[in-house]
Amino acid sequence: MEPNMSFTDRLLRAALAFYLLSSLLTPSLTWSWLVGGLLVLLLVWTSAVGFCPLYAWLGISTRRPG
C-alpha cells in the first residue's frame, strides 16, 4: 500500500471524523448511527494510514511526489 494522501487530506479526514463522531453521540442507537460509525472508522483508518482505496482504484493521488 503506497500512501496516496497528502497531509492536508489526512487532516481534513480526521477533522471530519471527529465532527461526525461528536454528532453521533446521542442516547439512541439507530441505523444512521451504525452507518455513521462505520464512516467514522473508515475516515480514521484512511487518515491514520495515509492510503485511500478509492483513490487507488481511480488512480488519484493528492500526495506530492518525492
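Refer to the preceding data block for the structure.
A brief report on the enclosed structure follows. (Residues numbered from 1 in each chain as written. Predicted model: local features only at pLDDT ≥ 70, side-chain atom pairs only at ≥ 80, totals over all residues. Heavy atoms only, no water.)

## Some remarks on the packing of helix α1 (residues 7-24) against helix α2 (residues 31-49)
Here is step 1: One can describe the packing of α1 onto α2 by two numbers: an axis separation of 8 Å at closest approach and a directional angle of 155°. Overall, the two elements α1 and α2 adopt an arrangement that is roughly antiparallel. Crossing of α1 over α2 shows left-handed handedness. Note on element contacts: α2 touches α1 through S32, W33, G36, G37, L39, V40, L43, V44, T46, S47, A48 and V49, opposite R10, R13, A14, L16, A17, L20, L21 and L24.
Here is step 2: Split into classes, the residues belonging to the contact of α1 with α2 amount to 13 nonpolar, five polar and two charged. (Axes fitted to C-alpha atoms, helices over the stretch in contact; angles between N-to-C directions. Helix = DSSP H or I, 4+ residues; strand = E, 2+ residues; numbered from the N terminus. Parallel < 35°, antiparallel > 145°, perpendicular 65-115°, else oblique. Left-handed = near helix turned anticlockwise from the far one by under 90°. Contact = heavy atoms within 4.5 Å. Nonpolar A, V, L, I, M, F, W, Y, C, P; charged D, E, K, R; others polar.)

## With respect to α2
Here is step 1: Compared with an ideal rise of 1.5 Å per residue, which puts 19 residues at 27 Å, α2 spans 27 Å between its outermost C-alpha atoms and is within 8% of the ideal.
Here is step 2: By the burial criterion, the buried members of α2 are G36, V40, L43, T46 and S47. Down the axis, α2 shows its buried residues gathered within 135° of arc, on one side only. Seen from the buried face of α2, the exposed residues on the opposite side, beyond 90 degrees, are W31, L38, L41 and A48.
Here is step 3: Looking at the packing, one finds that the buried side of α2 touches α1 and α3 (53-58).
Here is step 4: Of the residues one or two after α2, G50 is the one with positive phi, at around 85°. (Expected span 1.5 Å × (residues − 1). Buried < 20%, exposed > 50% of the residue type's maximum accessible area, 1.4 Å probe, protein only. Arc of directions from axis to C-beta.)

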